[in-house]
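Residue strings, one per chain:
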Amino acid sequence: MHTRAAVFVVLTSLCASPIFGQAKNVILFIGDGAGVSSLNAASIYAHGEARSLYIQNMPNLALADTSTAKEWVTDGAACASAWATGHKGKNGVMSMSPDAEKDVKDGEIYKTAMEYAMENGLSTGVISNDGVAGAAVSSFYAHSNNRGKAGEIFEQALNPKFGKGPDVIIGTGRKQISAQTLKLGRDLGADIKTAGYAYLDSMTGLAQLDKQSGRVIMLTDDDQFDFAEAVQQAVGRLSQNPKGFLLVAHSDCHTGKTRTSLQRLADLDKAIAATTEQVKANTLVLFTADHSYDLRIKGEKLTETAKASDYKNILSAVSLEDEHTAEEVPLLAAGPGAERVHGYVSNTIVFHLIMQSFGWEKTGDSLSSSGSF
C-alpha cells in the first residue's frame, strides 16, 4: 500500500507540474508596430492570401497586453523593458522601476534577461534597423530614465552594469551615437576597441570577418541593410558558444508609410522563417510586437474583384493612422518550450519564458504571477 501510495503521489505531481522543453538558445524577433491587423495586411500584400506569413503558422500563439505601469498605451521603451525585466515600467524609461522621472532621477535598476545571460556565460547579441541604441533592443543591455540619450545608452553596452555587454551588435545609429558620445567627451571608436570589439561599418565588412574573431560591432546609417543576413551572421557567431546564446532582433515595421511597413514585415517574416527552420531543434524562437497601431484594411465597398491576382493593390484599401494603440499584440513561439505560450498574457511573460528556457527560473510559478493566465 505504501508503495502504491508513493507511486500515486509521484504521478499526481508529474501531472500537476507539466515538464516543458528547455532550450539551449533563445531568439526574440520584434516587429515594431506589428499588431494583428498589420500581419493580416502584410500577408495579403506579400502573398495574396490571409494567414500566409510564416509567423502566422507558428505552432503557439498568445495575445499579450502592452499597457505600462502608468499608461494604457505603451511606447517601445516601456514594452521592451517589460520583455527584458519581467516588470512593467513607464513610457520613455528603460529597465527601471516606474518611480523614475525623465531626466530627473533614476528608479530601481531591474536586471535584464540578457544581463543574466551574460553573467551565466552565454553569448548575447542585438540587431536593429531602427537604432541599436533605440529602446527596443537597448532595454536589454542598458538602463536609462530617458530613452533618447543614445550616447549614454550605447556606452552601457561597452561598460555594462552587469556582465560584459552584448557580444554581437548589428544595426543603425552610427552618426547619432558618435555625435552624442563625442558630446560626453568620449571617443566612440577608441571605446569600442578598448572593450575588445572589432568595429565595422557595413554588412560586407561583417561577412568578410572571421566568425572566430569574437566580439563585433557593425554600426551603419543604412536602414536598408540586409536584415536576414544580419541575423544569419549573428546566429553563426553566437552559436560558437557551447553554453548557448540569447539574440534580440528588431525590425521597424511602423514607418508611417504603408508599402514600406508591409514590405518590412514581409522581409522580417522571411528572416524568421529561414532562422527558425535552421535552429528550432534547440532554440526557442519568439515573435512579438511592442504595440499595435491603426494600419488596417477597411471598406465595405470592396468587392470580390478587389480579391483579384493583383493583390498588391490592397494598398488602396489600407487605412493608416500612425498613433500607437492599446489592444493586445500577438506573441508567437516555436521550438523547445513554445507550448508555454497560449491565452491572454502580460508582455512581462517574455522575460519569464527566457529565464525558464535557460533553467534560471522555476517553470509555472512566475508565469501565473505575471498575470499570464
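Residues numbered from 1 in each chain as written. Predicted model: local features only at pLDDT ≥ 70, side-chain atom pairs only at ≥ 80, totals over all residues. Heavy atoms only, no water.

What about the overall build of the chain?
Scanning the chain from N- to C-terminus turns up 13 helices and twelve strands. Sorting the 373 residues of the chain into buried and exposed places 53% on the buried side. Taken as a whole, the chain presents about 16,100 Å² of accessible surface, with 51% of it coming from carbon and sulfur. (Helix = DSSP H or I, 4+ residues; strand = E, 2+ residues; numbered from the N terminus. Buried < 20%, exposed > 50% of the residue type's maximum accessible area, 1.4 Å probe, protein only. Areas by Shrake-Rupley, 256 points an atom, 1.4 Å probe, with all protein chains shown as cover.)

Examining the packing of aromatic side chains
Tallied over the full model, the rule gives three aromatic pairs. In this structure, Arg215 packs its charged tip against the face of Tyr197, placed 4.3 Å from the ring centre. (Phe/Tyr/Trp six-rings, centres within 6.5 Å; stacked < 30°, edge-to-face > 60°. Lys NZ or Arg CZ within 6 Å of the ring centre and 35° of its normal.)

Considering the side chain of Thr112
Residue position: Thr112 is located in the loop between helix H3 (76–85) and helix H4 (113–119). Classification of Thr112 by relative accessible area gives buried; the value is 0%. When neighbours within four sequence positions are excluded, Thr112 is seen to be in contact with Ala84, Thr85, Ser95, Ser139, Phe140, His143 and Phe351. (Contact = heavy atoms within 4.5 Å.)

What to know about the pattern of salt bridges
As enumerated under the stated definition, the model contains eleven salt bridges in all. Between Glu119 and Lys111 there is a salt bridge, with its nearest N and O atoms 2.9 Å apart. Where salt bridges share partners, they join Lys164, Asp167 and Arg215 into one cluster. (Salt bridge = Lys/Arg side-chain N within 4 Å of Asp/Glu carboxyl O.)

Topic: the environment of Lys270
Mapping Lys270 onto the fold places it in helix H11 (residues 258–279). Between the alpha carbons of Lys270 and Leu53 there is a distance of 8.4 Å; along the sequence they are 217 residues apart.

Section: the packing of helix H6 (residues 150–158) against helix H7 (residues 174–183)
Packed helices, taken two at a time, are described by the angle between their axes plus the distance between the axes. At their nearest, the axes of H6 and H7 sit 7 Å apart, and the two run at 95 degrees to each other. Our classification of the angle between H6 and H7 gives roughly perpendicular. Facing H6, whose interface residues are Ala150, Gly151, Phe154 and Glu155, H7 presents Gln176, Ile177, Gln180 and Thr181. Considering only residue class, the contact of H6 with H7 consists of three nonpolar, four polar and one charged. (Axes fitted to C-alpha atoms, helices over the stretch in contact; angles between N-to-C directions. Parallel < 35°, antiparallel > 145°, perpendicular 65-115°, else oblique. Nonpolar A, V, L, I, M, F, W, Y, C, P; charged D, E, K, R; others polar.)

Here we look at H6
Note: α-helices contain 3.6 residues per turn, so residues at a spacing of three or four share the same orientation. Most of H6 is tucked away, with eight of its nine residues classed as buried. Residues of H6 that are buried sit in contact with helix H5 (135–138), strand E4 (168–172), H7, helix H8 (188–194) and strand E6 (216–220).

Structural notes on helix H2 (residues 36–47)
The end-to-end C-alpha distance of H2 is 16 Å, a good match for the 16 Å that twelve residues give at a rise of 1.5 Å each. For H2, a buried count of nine out of twelve residues is recorded, marking the element as mostly surrounded by other parts of the structure. For H2, every residue scored as buried is listed here: Ser37, Ser38, Leu39, Ala41, Ala42, Ser43, Ile44, Tyr45 and Ala46. Positive phi appears at Gly48, one or two residues downstream of H2, with a value of about 80 degrees. (Expected span 1.5 Å × (residues − 1).)

Examining the sheet that holds strand E8 (residues 283–288)
Pairing between the strands of a sheet is mediated by backbone hydrogen bonds and can be parallel or antiparallel. Strands sit in the order E5-E6-E4-E3-E7-E1-E8-E11-E2-E12 across an open sheet of ten strands; the sheet is mixed. Across the chains shown, the open sheet's two edge strands, defined by having one partner strand only, are strand E5 (198–200) and strand E12 (343–346). Across this sheet, the average inter-strand angle for adjacent strands is 15 degrees, counted without regard to direction. Lying over the sheet, helix H12 (residues 349–357) contacts strand E1 (25–32), strand E7 (245–252), E8, strand E11 (329–334) and E12, oriented at roughly 175 degrees with respect to E8. (Pairing = 2+ DSSP bridges.)

Remarks on the side chain of Thr288
Mapping Thr288 onto the fold places it in strand E8. On the basis of relative accessible area, Thr288 is assigned to the buried category, the value being 2%.

Re the confidence of the model for the chain
Of all residues in the chain, 88% have pLDDT values of 70 or greater, and the mean over the chain is 91. When the criterion is pLDDT under 50, residues 3–17 qualifies, and its contacts beyond four places in sequence or with other chains add up to one contact. Segment residues 365–373 is flagged for pLDDT under 50; beyond a separation of four residues in sequence, or across chains, it makes 23 contacts in the model. (pLDDT = per-residue confidence, 0-100.)

Examining unusual backbone geometry
Positive phi values are uncommon outside glycine, yet Ser95 reaches one of about 55 degrees. Look at Ser95 and you get buried, because its relative accessible area is 0%.

Examining the environment of Phe140
Tracing the backbone shows Phe140 in the loop between H5 and H6. On the basis of relative accessibility, which here comes to 0%, the residue Phe140 falls in the buried class. It is 8.7 Å that separates the C-alpha atoms of Phe140 and Val126, two residues lying 14 residues apart in sequence.

Examining the environment of Thr66
Mapping Thr66 onto the fold places it in the loop between strand E2 (60–65) and H3. Looking at Thr66, the relative accessible area reads 1%, which means it is buried. Discounting chain neighbours no more than four positions away, the residues touching Thr66 are Thr74, Lys88, Asp290, Thr325, Ala326, Glu327, Val329 and Asn347.

What to know about the nonpolar core
Judged by nonpolar contacts, the single largest core of 101 residues is most densely connected at Phe29, Ile127, Tyr141, Phe154, Ile170, Leu286 and Phe287. Ignoring anything within four residues of it in the chain, the contact list for Ile127 reads Val137, Ile170, Phe225, Phe227, Ala230, Val231, Ala234, Leu247, Val248, Ala249 and His250. (Core = buried A, V, L, I, M, F, W, Y, C linked by side-chain atoms within 4.5 Å.)

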